[in-house]
2 protein chains.
Amino acid sequence: MSSRPIAILGGTGPAGTGLALRWARAGESIIIGSRDTQRAQEGAQKINEKAGNHARVSGMENSAACAAADLLVLTVPFEGQAALLKQLKPAIQPGSILIDATVALATGVGGRASRTLGVWQGSAAQQAAELVPKGVSVAAAFHNLSADLLNGDPALDCDVIVCGDDADANQVARALAAKIPGVRAIDGGKLENARILEQITALLIGLNIRHKGHGGIRITGLPPEAYK
Amino acid sequence: MSSRPIAILGGTGPAGTGLALRWARAGESIIIGSRDTQRAQEGAQKINEKAGNHARVSGMENSAACAAADLLVLTVPFEGQAALLKQLKPAIQPGSILIDATVALATGVGGRASRTLGVWQGSAAQQAAELVPKGVSVAAAFHNLSADLLNGDPALDCDVIVCGDDADANQVARALAAKIPGVRAIDGGKLENARILEQITALLIGLNIRHKGHGGIRITGLPPEAYK
């Protein structure tokens, strides 16, 4: 997979930056996408410096990133998700895989980050699936990794549950998750289950506020094959 | 706390039986509540035999159990929760603590156990809070422990997140959780957060079906004080 560049759309935020850092260190070629080309390039440069030798992170405007990659990771605040996907519809290549990490936090309408908004389609990921061009497969993952921890050096102590209706997209997302040190990837079934993954983020944010931590989740009690 | 009996309402099901077994082994005095007195007594007898020496488990009709205890744990299927609480309203003592473990699984209306129903109040626990007599405090906990594992012997590998608006009820529920070997109790804040705990059960059931396991969750990344 390491020859296939990963475009992280909305990649200058903390979650996108952290994922880019970890994947760059794992040898992946990364494109940071942003509304603003210069901002994308500056972000990419910082990640290259942090990731160390041989890191291959570049920056592009979001549409250009979609033209340059068919493996897309979406890390934008919920309030920008639909507009961005509508804007990118002509740019996303047929056959692309989009991995959505969006969480409909109530902060999008001035509420608390420990609460979520109801999304008509069931989840932000299902909204994404409705908005991408035909032939683009959507998986949901990476909601529950602390951006602070991703942007640091130590291995994480978290599992990533991946949901998606397309077996290939689901598998690609799990392979990406497993490239983050300390992370185990678990197939969480259909895309509709993303609604629960997204809720868990709000729970973890609430725990972080209450207990001053960087909460993550581990799933226990599954056979070893489930974590591969 | 060990002098305060715990009444497990709807306690003859797998979750209630498993909690009773673990708490009986921890030295707690348990009352199994059921619609049917004889069924409650038979269930209690089985738990006593399994729990070993000194186990103190008795069985009563649910109303009698409420009259005999002011620490109540509710482990019924969602489709029976509201009716039972309405029926028990005259029996529940003022000042009681009710710990709700109900999950609104779609099985209640013939659907899948990996999906939930929307509850008008936000969660089954919030519905419980609306239905108990005034002066009764509700906490939500124990949704995400595998009944199969609770009914076994080994220590569990799971955390119990407790939600509740009453600090005392929340603390009592956490103390009960911590009496289950292997379980760490975490304060999850307000009762409204129970909606996420309940969703997690559906996610775990889906994972169990998909991967043939007995899934549980651990929360990582919080400071040690959070787990006390």
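Residues numbered from 1 in each chain as written. Chains lettered and ligands numbered in written order. Predicted model: local features only at pLDDT ≥ 70, side-chain atom pairs only at ≥ 80, totals over all residues. Heavy atoms only, no water.

Residue and element names in this part refer to chain A. Backbone geometry places F142, a non-glycine residue, at a positive phi of 75°. Residue position: F142 is located in the loop between β6 (137-140) and α6 (147-150). A positive phi angle, close to 55°, is found at K212, a residue other than glycine. Mapping K212 onto the fold places it in the loop between α8 (194-211) and β9 (216-220). By relative accessible area, K212 is classed as exposed at 72%. (Helix = DSSP H or I, 4+ residues; strand = E, 2+ residues; numbered from the N terminus. Buried < 20%, exposed > 50% of the residue type's maximum accessible area, 1.4 Å probe, protein only.)

Our focus in this paragraph is helix α2 (residues 37-51) of chain A. Residue and element names in this part refer to chain A. Its 15 residues place the ends of α2 21 Å apart at the C-alpha level, agreeing with the 21 Å of an ideal helix rising 1.5 Å per residue. Of all the residues in α2, the buried ones are A40, G43, A44, I47, N48 and A51. An end-on view of α2 places all buried positions within 140° of arc, on one side of the element. Within α2, the exposed residues directed more than 90 degrees away from the buried face are Q38, K46 and E49. Along its buried surface, α2 packs onto α1 (14-25), β2 (29-34) and β3 (56-61). At the N-terminal boundary of α2, the capping side chain belongs to D36, with an oxygen 3.3 Å from the backbone nitrogen of Q38. Note on α2: the residue one or two positions beyond its end, G52, has a positive phi of about 90°. (Expected span 1.5 Å × (residues − 1). Arc of directions from axis to C-beta. Contact = heavy atoms within 4.5 Å. Polar contact = N/O pair within 3.5 Å; in protein donor to acceptor, adjacent residues only side chain to side chain.)

Another aspect to go through is the sheet that holds β6(A). Residues and elements named next belong to chain A. With respect to topology, eight strands assemble into an open sheet ordered β3-β2-β1-β4-β5-β6-β7-β8, the strand pairing being mixed. The sheet is open, and its two edges are formed by β3 and β8 (184-187), each paired on a single side. Shown here is a sheet whose adjacent strand axes are inclined to one another by a mean of 25°, direction ignored. Where strand β1 (residues 6-9) meets β2, three bridges bridge the pair, whose relative direction is parallel. Bridge assignment links A7 to a residue of β2, and that residue is I31. Along the sheet face, α2 touches β2 and β3 and points at about 170° away from the line of β3. (Pairing = 2+ DSSP bridges. Axes fitted to C-alpha atoms, helices over the stretch in contact; angles between N-to-C directions.)

All names here are of chain B. Counting buried residues in helix α5 (residues 124-131) gives six out of eight residues, a clear majority hidden from the surface. Those residues of α5 not exposed but buried are A124, A125, Q126, Q127, A128 and L131. The secondary structure elements touched by the buried residues of α5 are α4 (78-88), β5 (97-100), β6 (137-140) and α8 (194-211).

A few words now on the confidence of the model for chain A. For chain A, mean pLDDT is 97; residues scoring 70 or higher make up 99% of the total. The complex model carries a pTM of 0.96, and its ipTM stands at 0.95. (pLDDT = per-residue confidence, 0-100.)

Residue and element names in this part refer to chain A. For the pair α1 and α2, the least separation of the axes is 9 Å and the interaxial angle reads 45°. The pairing of α1 with α2 is recorded here as oblique in orientation. Between α1 and α2 lies a crossing of right-handed hand. Counted together, T17, A20, L21, A24 and R25 of α1 and I47, K50 and A51 of α2 form the full contact between these two elements. (Parallel < 35°, antiparallel > 145°, perpendicular 65-115°, else oblique. Left-handed = near helix turned anticlockwise from the far one by under 90°.)

Turning chain A through 180° and shifting it by 0.0 Å along the axis lays it on chain B, with an RMSD of 0.0 Å. The superposition of one copy onto the other is thereby described by a two-fold rotation axis. Taking the C-alpha atom as reference, chain A places R218(A) closest to the rotation axis, 2.5 Å from it. With an isologous cut-off of 70% or more, the 100% of interface residues of chain A that recur at the interface of chain B puts this contact in the isologous class. (Least-squares fit on C-alpha atoms with pLDDT ≥ 70 in both.)

This part takes up the packing of helix α4 (residues 78-88) of chain A against helix α5 (residues 124-131) of chain A. Residues and elements named next belong to chain A. Axis separation between α4 and α5 bottoms out at 9 Å; the angle between their running directions is 10°. Put simply, α4 runs roughly parallel to α5. Viewed along their axes, α4 and α5 form a crossing whose handedness is right-handed. Taken together, the residues of α5 that come into contact with α4 (itself represented by F78, Q81, A82, L85 and K86) are A124, Q127, A128 and L131. For the contact of α4 with α5, the class distribution of residues is six nonpolar, two polar and one charged. (Nonpolar A, V, L, I, M, F, W, Y, C, P; charged D, E, K, R; others polar.)

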